[in-house]
Amino acid sequence: MTVGNSPVHSQSMQLPSRGIAIQAVDLVKDYGSGANAVHALRDVNVSFERGRFTAIMGPSGSGKSTLMHTLAGLDSATSGRILFGGKDLTRMNDKQLTLLRRNKIGFIFQSFNLLPMFTAEQNILMPLTLAGAKADRAWFDLLVETLGLRQRLNHRPNELSGGQQQRVAIARALITKPSLVFADEPTGNLDSVSSAEVLGFLKQSVNELDQTIVMVTHDAVAASYADRAIVFADGRIVADEPHPTAEAMNNLLMAERERATRAAVASDAHDHFVRADAFADSDAEPSAKRRSSHRRAAATARHAA
Ligand SMILES: Nc1ncnc2c1ncn2[C@@H]1O[C@H](COP(=O)(O)OP(=O)(O)O)[C@@H](O)[C@H]1O
Ligand SMILES: [Mg+2]
């Protein structure tokens, strides 16, 4: 068996198998460019299996929302590929992406994003209304019953509790029977009872309706509802945990926080060293980095004088 010269990237060149709902290949997302660029996704490779519930955790600013938005075609990728249903999403035009979001991919937001002037029922049916499509009444009824919204259908969002509004948003995301649903901190604005209801329903829709769900959460208990949990840090996946428990996720997050703190302290110490070095060494031929830190230090000294 020759391993040495075999093309190591061949696996990533394959289209997703039937079992995979969506796959990111070498996914990069930068905001801005040059010195001000933010590297929100750094070569992310991940696939999400059909009919599974995956949680994504990680510190604020680590790229979780960016990953969800890019995978859902709400935001463009800088490079890399997103394989969905045998097609590369990054090559689709706006019209194709609109159709995809309307029919195949559902999105649940932390802030519900319901339309305030419409009733719960009208909000749930909105994706179909926009598409000029008719509702599958049996599916609508199943969602409404399962989510406990029957008595609330004629209410406007401001007449509903946060938990009820989020359940309306979930019904809206599922009404088109999308093969994939992204939920970005869906319980972030909910109390613990409403959170448990929403999480219970998401889990049920995976187990009983064969839905695929990818959910961002800050809450290790919320992540424990999932079949798998991924930890993100600084635009990369740093842990991938099957059958997550709240305790295991809290430990992983704590370890990641400690690592980040150590890295920040080390980089601070390095900065001090470079600055001190630039002062001491100002006659020597300075490197570009030293020159700039020298200028910064000199400007600070001038300002202080
Ligand atoms: N539209 C944007 N323009 C510029 N920077 C952005 C934008 N959206 C996100 N970012 C930056 O990208 C990084 C990842 O953000 P995000 O994906 O929202 O993180 P998370 O959801 O994990 O909190 C952060 O540094 C954030 O400030
Ligand atoms: Mg976010």
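Computed from a predicted model, the values in this text were never measured in an experiment.

Sorry if this is basic, but what is going on with the overall build of the chain here?
Scanning the chain from N- to C-terminus turns up 10 helices and 10 strands. The buried share of the chain, taken over its 305 residues, is 33%.

Explain the sheet that holds strand 3 (residues 53-57) to me, please; I cannot follow it from the model alone.
Across a sheet, paired strands are connected by hydrogen bonds in the backbone, their directions being either parallel or antiparallel. With respect to topology, 6 strands assemble into an open sheet ordered 6-7-8-3-9-10, the strand pairing being mixed. Sheet topology places strand 6 (105-108) and strand 10 (236-242) at the edges, where each strand pairs with a single neighbour. The average undirected angle you get between the axes of adjacent strands in this sheet is 20°. Direction of pairing for strand 3 relative to strand 9 (residues 228-233): parallel, over a ladder of 4 bridges. Each bridged residue has a counterpart across the sheet, and for Met-57 the counterpart in strand 9 is Val-231. Of the strands in this sheet, strand 6 and strand 7 (180-184) are in contact with helix 6 (residues 162-174), which crosses strand 6 at around 170°.

Could you clarify how one ought to interpret the pairing of strand 9 in this entry?
Remark: a regular strand shows side chains that alternate across the two faces of the sheet. The element strand 9 is largely enclosed, with a buried count of 5 among its 6 residues. The pairing of strand 9 with strand 10 spans 6 bridges and is classified as antiparallel. Counted as the bridge partner of Phe-232 is Ile-237 from strand 10. Connecting strand 9 to the next strand, strand 10, in antiparallel fashion are 2 residues, including Asp-234 with a positive phi near 50°.

Could you clarify how one ought to interpret unusual backbone geometry in this entry?
Leave glycine aside and you will find that most residues have negative phi; peptide bonds, for their part, are mostly trans. Here the phi dihedral of Asn-113 falls at roughly 55°; this positive angle occurs in a residue that is not glycine. For Asn-113, the location among the structural elements is in the loop between strand 6 and helix 4 (120-131). By C-beta crowding, Asn-113 is classed as partly exposed, having 13 other C-beta atoms within 10 Å. For Glu-185, which is not glycine, the phi dihedral falls at a positive 50°. Assignment of secondary structure puts Glu-185 in the loop between strand 7 and helix 7 (192-209).

Whenever I open this one, the confidence of the model for the chain confuses me. Can you help?
Reading predicted coordinates in detail is not appropriate for stretches of low pLDDT. Considering every residue of the chain, the mean pLDDT works out to 86; 85% of them sit at 70 or more. Counted against residues more than four places away or in other chains, residues 1-18, with its pLDDT under 50, gives 8 contacts. Overall, residues 297-302 carries pLDDT values under 50, and its contacts beyond four positions in sequence, including any with other chains, amount to 3 contacts.

Hey, could you run me through the site of ligand 1 in this one?
Looking at ligand 1, the residues that line it are Tyr-31, Val-38, Ala-40, Gly-58, Ser-60, Gly-61, Ser-62, Gly-63, Lys-64, Ser-65 and Thr-66. Elements with a minimum of two residues in the shell around ligand 1: strand 2 (38-49) and helix 2 (64-71). Residue contributions to the shell around ligand 1 peak at 3 residues, all from helix 2. Tallied by class, the residues present in the shell around ligand 1 amount to 3 nonpolar, 7 polar and 1 charged.

What counts and what doesn't
- Residues numbered from 1 in each chain as written.
- Chains lettered and ligands numbered in written order.
- Predicted model: local features only at pLDDT ≥ 70, side-chain atom pairs only at ≥ 80, totals over all residues.
- Helix = DSSP H or I, 4+ residues; strand = E, 2+ residues; numbered from the N terminus.
- Buried ≥ 20, exposed ≤ 12 C-beta atoms within 10 Å, placed from the backbone.
- Pairing = 2+ DSSP bridges.
- Axes fitted to C-alpha atoms, helices over the stretch in contact; angles between N-to-C directions.
- Contact = placed C-beta atoms within 7 Å.
- pLDDT = per-residue confidence, 0-100.
- Near = placed C-beta within 6 Å.
- Nonpolar A, V, L, I, M, F, W, Y, C, P; charged D, E, K, R; others polar.

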